[in-house]
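Okay, here's what each chain looks like letter by letter:
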Amino acid sequence: MKLIKDFIEDTYLPKMPFWLIAIAVVGVVATWVPLAFIAKARTTTSTKPPVHIFQDMDLQPRFDAQSINPIFADQRSMRPNPAGTVSRRAIIGDAHYELGFKVDDAGQPVLVQPDEEGIEATLDFYRGIPDRIDVDDVFVKRGQEQFNIYCSACHGYDGQGNGAVNKRALELVNINSTINQWTPASNIIAVNPQTGNLLYGEEEYADGKLYNTINNGIRNMKGYGQQISVKDRWSIVAYIRALQISQHASEKDLAEQSE
Ligand code: HEC
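Residues numbered from 1 in each chain as written. Predicted model: local features only at pLDDT ≥ 70, side-chain atom pairs only at ≥ 80, totals over all residues. Heavy atoms only, no water.

A separate point is the pattern of salt bridges. One pass over the full model with this rule turns up eight salt bridges. With a closest N to O distance of 2.7 Å, Asp64 and Arg62 form a salt bridge. Among the salt bridges present, the one from Asp207 reaches Arg241, with a minimum N-O distance of 2.7 Å. With Asp207 in helix α8 (residues 207–216) and Arg241 in helix α9 (residues 230–248), the pair connects residues that are 34 residues apart, well separated along the chain. The same class applies to Asp207 and to Arg241, which are both buried. Overlapping salt bridges bring together Arg142, Glu145 and Asp232 as one network. (Salt bridge = Lys/Arg side-chain N within 4 Å of Asp/Glu carboxyl O. Helix = DSSP H or I, 4+ residues; strand = E, 2+ residues; numbered from the N terminus. Buried < 20%, exposed > 50% of the residue type's maximum accessible area, 1.4 Å probe, protein only.)

Pasting the structure below:
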């Protein structure tokens, strides 16, 4: 007769051999070794260069700027411009269109001398959008698209200066009181409380000046000339005028529209 005890013994699995247990234990402990290296690397410093597994083209012979370069007869590493090179600024076909301010025959900016002493001379900006551009719906829509891409992050979609970047910067200023250097993007729709005119409207801020601000930036704002084509910069100017009108339309403007 088979006892329950025998039955249980029959069904026991054979014991794991010792060598298998040993391999498993050694294997697990071995996985700690890289961790130990990482921990050491993170807590100690070394004078040796770091291990550079993928060399790519990081390390290769080269001539540094201002070092002697025997390849060229004049031994200069920094090569002079080929004869006849002109800077991009030097080719000005239509100053109104390309620069937004007047230049003389030598391509130098024409300056307006201020009436009062002690105020710096300013550039002579063109008024209006260049004739070669047809300002129509399509053009202003293009300006909206470009404004939303390049300007709204700081100036906001409405131009009032409270874009996402400004909101986040104000949060950071609040969290970390050591950052108090934030200059918010200007409210380009703002009205001068004294005169009631738009601060950046056509009267006070010529189209050419607005164009130049987009092109070259101003004070804390960088220029966007590198990213935005000439025509698109003008489309932004046109759209900003539309934004200003849309938020400050006078009764007269409305009456003219409905005629
Ligand atoms: C990264 C943020 C940022 C972006 C993007 C930006 N601006 Fe500005 N903008 C500023 C800041 C900041 C000022 C205020 C600069 C100052 O007063 O130092 C400013 C000022 C201005 C002014 C007022 C200039 C003056 O004469 O006082 C105009 C106009 C303007 N921006 C237009 C634009 C247009 C158009 C674009 C898109 C092409 C644009 N900005 C994109 C940050 C930005």
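Let us keep going from here.
Around the iron atom of the ligand, the protein contributes the donor atoms His155 (NE2) and Met221 (SD), which lie 2.0 to 2.1 Å from the metal centre. For the iron atom of the ligand, the six donor atoms are set out with angles of 87 to 178 degrees between them, so the coordination reads as octahedral. One end of the pair, His155, is in helix α6 (residues 152–155); the other, Met221, is in strand β4 (residues 221–222), and 66 residues separate them in sequence. Exposure remark for His155: the relative accessible area of 11% places this residue in the buried category. (Donors = N, O, S within 2.8 Å, 3.2 Å for Na, K, Ca; no water. Tetrahedral: all angles 85-135°; square planar, octahedral: opposite > 155°, others 65-115°.)

The next point concerns unusual backbone geometry. The phi dihedral of Gln66 falls on the positive side, at around 70 degrees, and the residue is not glycine. In the Ramachandran plot, Gln75 falls in the positive-phi region, its phi being about 60 degrees despite a non-glycine side chain. In this fold, Gln75 is placed in the loop between α3 (32–43) and α4 (95–98). Classification of Gln75 as partly exposed rests on a relative accessible area of 41%.

Interpretation note: all reported values are geometric properties and have no functional meaning in isolation.
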